[in-house]
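Inside the fold
Listed below are the residues making up each chain.
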Amino acid sequence: MLSDFGIVLLAFIFAAVALMLVFGISWLLRPSNPTTEKLATYESGEDPIGNANIRFNVRFYIVALIFILFDVELVFLFPWATVFGNKEYIQQTNGLWGWFTLVEMFIFIVVLALGLAYVWAKGHLEWVKPDMKTPKFKSKVPMSMYENVNKKYTEK
Amino acid sequence: MNFDTLEKEAHIKTGESEVILTSLDELANWARANSLWPLGFGLACCAIEMMATYASNYDLERFGVFPRNSPRQSDLMIISGTVTFKMADRISRLYEQMPDPKYVVSMGSCSNCGGPYWEHGYHVVKGVDRIIPVDIYVPGCPPRPEALIGGILKLQEKVKQQKLADLKK
C-alpha cells in the first residue's frame, strides 16, 4: 500500500506530467515567430526606457520608521490585554495586579510617545511643500490676474 | 457530425447520445474562435460603444470575448476609434507584441478610412489598415453594439476557416 507521503509524491508526479502535457500540446500547436519588437518589454506601447528600480523620497524612511515603532507598540498591547484582566491574578493580589499592569503599560506608551514628541519637535514630521513660484517673464497678462486666483483659493 | 453542424440553428438536441467526429484543425479553430481575447484599450467615441458591448446589455463574453490588459495574452485587437499618428506608433508596437495568430477588428469609420477626418485631418491615419493588417471592418460612426457583435461573429467565421499548418508558417 501507498504511504501518505507516497500519495503526495504521486500528486507531484501527476502535476508535473499534466503540466508538461499541456505545455507540450501548446508547443506543438502554436506558431513561433519572435521579433525584437515582440520580445521587448511591455510598457503600454511606449519605449521601455530606464530602470524599474526608481529612487523615491528619503523622507518616506523616517515616516516608515515611526510607523513601525507604533506598529510594534500595538503588537505588544495584544498579549498585555490578555493578562491584564486575568481574574486569578487580580484575586491573588487583592486588585493590585490590575493597577500594576496598567501603570506598566502606560510607562511603555509614554516612552514611545516621548519618542514621537522628539521626532515632532525635531521637525521630521514636516513635509516640505513645494513653493509656488511666480513666473518671471514679460507677458501681456497682468500678474494681478494670477494673484486674484491664488488669493481666492488660499483664503478659503 | 462535427462542430459546424453542432452550432447550426437547425441542430435539434434529441437527448440521445451523439458522436462528434472532427479534425485537429476544426477542434483548434473551434476553441480559438470561441475565446477571442481582445487587448483592452479604446481610442475614441467608438470605445464607448465597445464598452457598452462588453457590458451587461450586450454581453460580449457570451462569445468568449474577454478583454485582457496585456498584449501577451490577447489575440484580438479592436481598433475602436480615430487613429492619430501619435497613437499609430503605439498601436503598431502593441500589435507586434501580441502573440501569433492575431486578428484585428477595425471598428468605425475613423479606423476604416479616416472617417470625418479623411480629407483635412492632418493628424489622422486614413485607415488603420495602412499600419497593421485588418481582418474585419465594422462600418458605422460609431457602430452600434450589434454591429460590433456582427463583426466578431464574422471574425469567428474567418478563424474557423483557417488551418493550423498555414498558421505555423
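Only a predicted model underlies this, so the values are computations on that prediction, with no experimental measurement involved. (Residues numbered from 1 in each chain as written. Chains lettered and ligands numbered in written order. Predicted model: local features only at pLDDT ≥ 70, side-chain atom pairs only at ≥ 80, totals over all residues. Heavy atoms only, no water.)

**Quick look at the overall build of chain B**
Along the backbone of chain B there are seven helices and three strands. In chain B, the succession of α and β elements from N to C terminus is α-α-α-β-α-β-α-β-α-α. Burial statistics for chain B: of 169 residues in total, 42% are counted as buried. Here the analysis covers contacts within chain B between residues at least 6 apart in sequence; of these, 74% occur between residues at least 24 apart. (Helix = DSSP H or I, 4+ residues; strand = E, 2+ residues; numbered from the N terminus. Buried < 20%, exposed > 50% of the residue type's maximum accessible area, 1.4 Å probe, protein only. Contact = heavy atoms within 4.5 Å.)

**Section: the confidence of the model for chain A**
Summing up the model confidence of chain A, the mean pLDDT is 86 and the portion of residues at 70 or higher is 97%. By mean pLDDT, the top-scoring element of chain A is helix H1 (residues 4-29) of chain A (94), and the lowest-scoring one is helix H6 (residues 143-154) of chain A (84). (pLDDT = per-residue confidence, 0-100.)

**Thoughts on the nonpolar core**
Residue and element names in this part refer to chain B. Counting 19 residues, the largest nonpolar core has Leu36, Leu76, Ile78, Val105 and Leu155 as the members making the most contacts within it. Contributing elements (two or more residues each) for this core: helix H3 (45-54), strand E1 (76-80), strand E2 (103-107), strand E3 (136-138) and helix H6 (145-160). Residues Phe41, Met77, Val104 and Ile132 belong to the second largest nonpolar core, which totals 15 residues. (Core = buried A, V, L, I, M, F, W, Y, C linked by side-chain atoms within 4.5 Å.)

**Focus: the sheet that holds E3 of chain B**
All names here are of chain B. Spatially, three strands are ordered E1-E2-E3 in an open sheet, and the strand pairing comes out parallel. Either end of the sheet is taken by a strand with one partner, and the two such strands are E1 and E3. Going from strand to strand, the sheet's axes swing by 15° on average, the running direction of each strand aside. Relative to E2, E1 is paired through five bridges, and the arrangement is parallel. Looking at E2, one finds that leucine 76 is bridged to tyrosine 103. Here H6 sits on the sheet and contacts E1, E2 and E3; the angle it forms with E3, its principal contact strand, is near 165°. (Pairing = 2+ DSSP bridges. Axes fitted to C-alpha atoms, helices over the stretch in contact; angles between N-to-C directions.)

**Focus: the packing of aromatic side chains**
Scanning the entire structure with this criterion turns up four aromatic pairs over all chains. Here the aromatic rings of tryptophan 80 of chain A and phenylalanine 84 of chain A are separated by 4.9 Å at their centres, their planes lie at 25°, and the arrangement is stacked. Here tryptophan 80 of chain A and its partner phenylalanine 84 of chain A are both found in helix H3 (residues 59-84), four residues apart, which amounts to about one turn of the helix. For phenylalanine 84 of chain A, a relative accessible area of 29% puts it in the partly exposed group. Note that arginine 68 of chain B overlies the ring of tryptophan 37 of chain B, its terminal NZ or CZ placed 4.8 Å from the centroid. (Phe/Tyr/Trp six-rings, centres within 6.5 Å; stacked < 30°, edge-to-face > 60°. Lys NZ or Arg CZ within 6 Å of the ring centre and 35° of its normal.)

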